[in-house]
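# Structural features, examined
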Amino acid sequence: AAATAGGGKGGGPADVLSGLNFEDNFITSGDIGINSMNSMGNDAKSSSNPILHPDIRASRVGSSGVLLKEALGEGMEVRYAFLRQDSVYSKHYQVVELTFLSSVEVRDVSMQNIQVSGLEIRPMDRISVLHAHQSATAKVHVDYKGYERKIKFNICTTDRKYPVILKNTPGDLLRPHAMSVSSFESARKRMTGMQENTFKAKNFTDAKAAAIAVARAANFAVLACESGSDNLYRLSAQMRHDQTQLVLCRVEANSSGSVDVTINCDDMMFISSLDEYLANAIKN
């Protein structure tokens, strides 16, 4: 069973790895690469799917960065990446890949003292030994319940512990959802008023470039354009935690030469945070 995070430790190794495949924990040497796979969902995986845009492919990795700097980790660095794939436990779970690199040998690397309430977490399995100049990757599975949350925990070794904070973004809370243009527009028409926000895509004059930037920032499926339309792009997703709730995005070039991004969302509380996040993410 999943561990519900609190003040104590997460579930033990036997519980954590139950049902995982061989890709979830492995050790490599040399160059570091992120082990990830396409998570467009069964209805959207095929590159030949006529519902999806043939040229704009969604990124396989969401937000990423350094969780523990090498200087603070006494030679060990930890990077994180939110993978855009379904967890082996449930489609509600977000998969976070941790990559460990070290200039010195460390042993018994584990995730301890998880400090957050209300979330379900499958912690990483213990790494028994990480040799100098090797890398190791492990996956953490988290059900964020549809919210942005900070997860505080310690990365521990045999005789050291390093406090870290892992934070998701609104874009990580989505799951791509393929749908026809007619279904998209029908759903959009019922989500008006407080379920709709529009902002200008700063620094963009081309709708396609802006749509690519949105798809990098948030886990949307990019739908095929209507014949002859280069000025309007549609992106669609569901909330990962509640897949009855749609999140739609229209990226459209207007007559003034700027690009408008319109978000429609079933969840009125979520739309403002997604709108603000995307506006900041794509301008960079």
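From a predicted model like this one, the values you see are computed outputs, not experimental measurements.

It is worth spelling out the pattern of salt bridges at this point. In this structure the tally under the stated criterion is 17 salt bridges. Notably, a salt bridge pairs Lys167 with Glu148, separated by 3.2 Å at the nearest N-O pair. Residue Lys167 is found in strand S11 (residues 161–167), and its partner Glu148 is found in the loop between strand S9 (134–143) and strand S10 (150–156); the two are separated by 19 residues along the sequence. Overlapping salt bridges bring together Glu185, Arg188, Arg234, Arg250 and Glu252 as one network.

Moving on: the environment of Asn197. Residue placement: Asn197 occurs in strand S13 (residues 196–200). In sequence terms Asn197 and Cys249 are 52 residues apart; their C-alpha atoms lie 9.7 Å from each other.

So, about the pairing of S9. Along any regular strand the residues' side chains alternate between the sheet's two faces. Of all 10 residues making up S9, nine are buried, and the element is well covered by its neighbours. Pairing of strand S5 (residues 94–102) with S9, which is carried by eight bridges, proceeds in the antiparallel orientation. When the bridges of S9 are listed, Phe100 appears paired with Ala136. As paired elements, strand S7 (residues 120–122) and S9 share three bridges and run antiparallel to each other. The partner of Glu120 across the bridge, within S9, is Asp143.

A separate point is unusual backbone geometry. Even without glycine at this site, Asn113 takes up a positive phi of about 55°. Structurally, Asn113 is set in strand S6 (residues 106–115). A relative accessible area of 25% places Asn113 in the partly exposed class. A positive phi angle, near 60°, is found at Lys145, a position not held by glycine. By the secondary structure assignment, Lys145 is in the loop between S9 and S10.

Attention now moves to the packing of aromatic side chains. Pairs of aromatic rings are described using the distance from one ring centre to the other and the angle between the two planes. The tally for this structure, following the rule as stated, stands at three aromatic pairs. When the centroid spacing of 6.0 Å and the interplanar angle of 85° are considered together, the rings of Tyr80 and Phe82 count as edge-to-face. Overall, Phe82 belongs to the buried group, its relative accessible area being 0%. For the pair Tyr89 and Tyr93, a centre-to-centre distance of 6.1 Å together with 50° between the ring planes defines the contact as tilted. Taken together, the ring pairs in this structure connect Tyr80, Phe82 and Tyr144 into an aromatic cluster.

We now examine helix H3 (residues 207–217). Listing the buried residues of H3 in full gives Ala207, Ala210, Ala211, Ala213, Val214, Ala215 and Ala217. On the buried face of H3, the contacting elements are strand S14 (221–222), strand S15 (232–239), strand S16 (246–253), strand S17 (259–265) and helix H4 (268–283). Between a side-chain oxygen at the N-terminus of H3 and the backbone nitrogen of Lys208 the separation is 3.3 Å; the capping residue is Asp206.

Moving on: helix H2 (residues 181–190). Of the residues making up H2, those classed as buried are Val181, Phe184, Glu185, Ala187 and Arg188. Projected onto a plane normal to the axis of H2, the buried residues spread over an arc of 165° and lie on a single side. Residues of H2 that are exposed and point over 90 degrees away from its buried face: Ser182 and Lys189. Those residues of H2 that are buried lie in contact with S13, S15, S16 and S17.

With that settled, the discussion passes to empty space enclosed by the protein. One pass over the full model with this rule turns up four cavities of 30 Å³ or more. Estimated volume of the largest cavity: approximately 50 Å³. Taken together, His92, Gln94, Val142, Asp143, Tyr144, Lys145, Gly146, Asp172, Leu173, Arg240 and His241 make up the full set of residues lining the largest cavity. Its residues assigned to classes, the lining of the largest cavity shows three nonpolar, four polar and four charged.

What follows concerns the nonpolar core. Among the nonpolar cores identified, the biggest contains 63 residues, and Phe100, Phe220 and Val251 are the most heavily contacted of them. Of all the elements, H3 adds the most residues to this core, at seven residues. Once residues within four sequence positions are removed from consideration, Phe220 is found in contact with Ala58, Leu174, Pro176, Val214, Leu235, Ser236, Ala237, Val247, Cys249, Leu274 and Leu278. Listed in part, the 10 residues of the second largest apolar core include Ala178, Met179, Leu223 and Leu246.

In this section: the sheet that holds S6. Across the sheet, which stays open at both edges, the four strands sit in the order S8-S6-S10-S11 with antiparallel pairing between neighbours. Where the open sheet ends on each side, the last strands, each with one partner, are strand S8 (127–130) and S11. For this sheet, the mean inter-axis angle between neighbouring strands, taken without regard to orientation, is 35°. Examined bridge by bridge, S6 and S10 share four bridges and lie antiparallel to one another. Counterpart to Ser110 in the pairing with S10 is Cys156.

Definitions and limits used
- Residues numbered from 1 in each chain as written.
- Predicted model: local features only at pLDDT ≥ 70, side-chain atom pairs only at ≥ 80, totals over all residues.
- Heavy atoms only, no water.
- Salt bridge = Lys/Arg side-chain N within 4 Å of Asp/Glu carboxyl O.
- Helix = DSSP H or I, 4+ residues; strand = E, 2+ residues; numbered from the N terminus.
- Buried < 20%, exposed > 50% of the residue type's maximum accessible area, 1.4 Å probe, protein only.
- Pairing = 2+ DSSP bridges.
- Phe/Tyr/Trp six-rings, centres within 6.5 Å; stacked < 30°, edge-to-face > 60°.
- Contact = heavy atoms within 4.5 Å.
- Polar contact = N/O pair within 3.5 Å; in protein donor to acceptor, adjacent residues only side chain to side chain.
- Arc of directions from axis to C-beta.
- 1 Å grid on protein atoms, 1.4 Å probe; cavity = no way out; pocket = protein on both sides within 12 Å on 5 of 7 lines; lining within 4 Å.
- Points joined across faces, edges and corners; volume = space filled by probe spheres on them.
- Nonpolar A, V, L, I, M, F, W, Y, C, P; charged D, E, K, R; others polar.
- Core = buried A, V, L, I, M, F, W, Y, C linked by side-chain atoms within 4.5 Å.
- Axes fitted to C-alpha atoms, helices over the stretch in contact; angles between N-to-C directions.

Interpretation in functional terms is not warranted from these geometric data alone.
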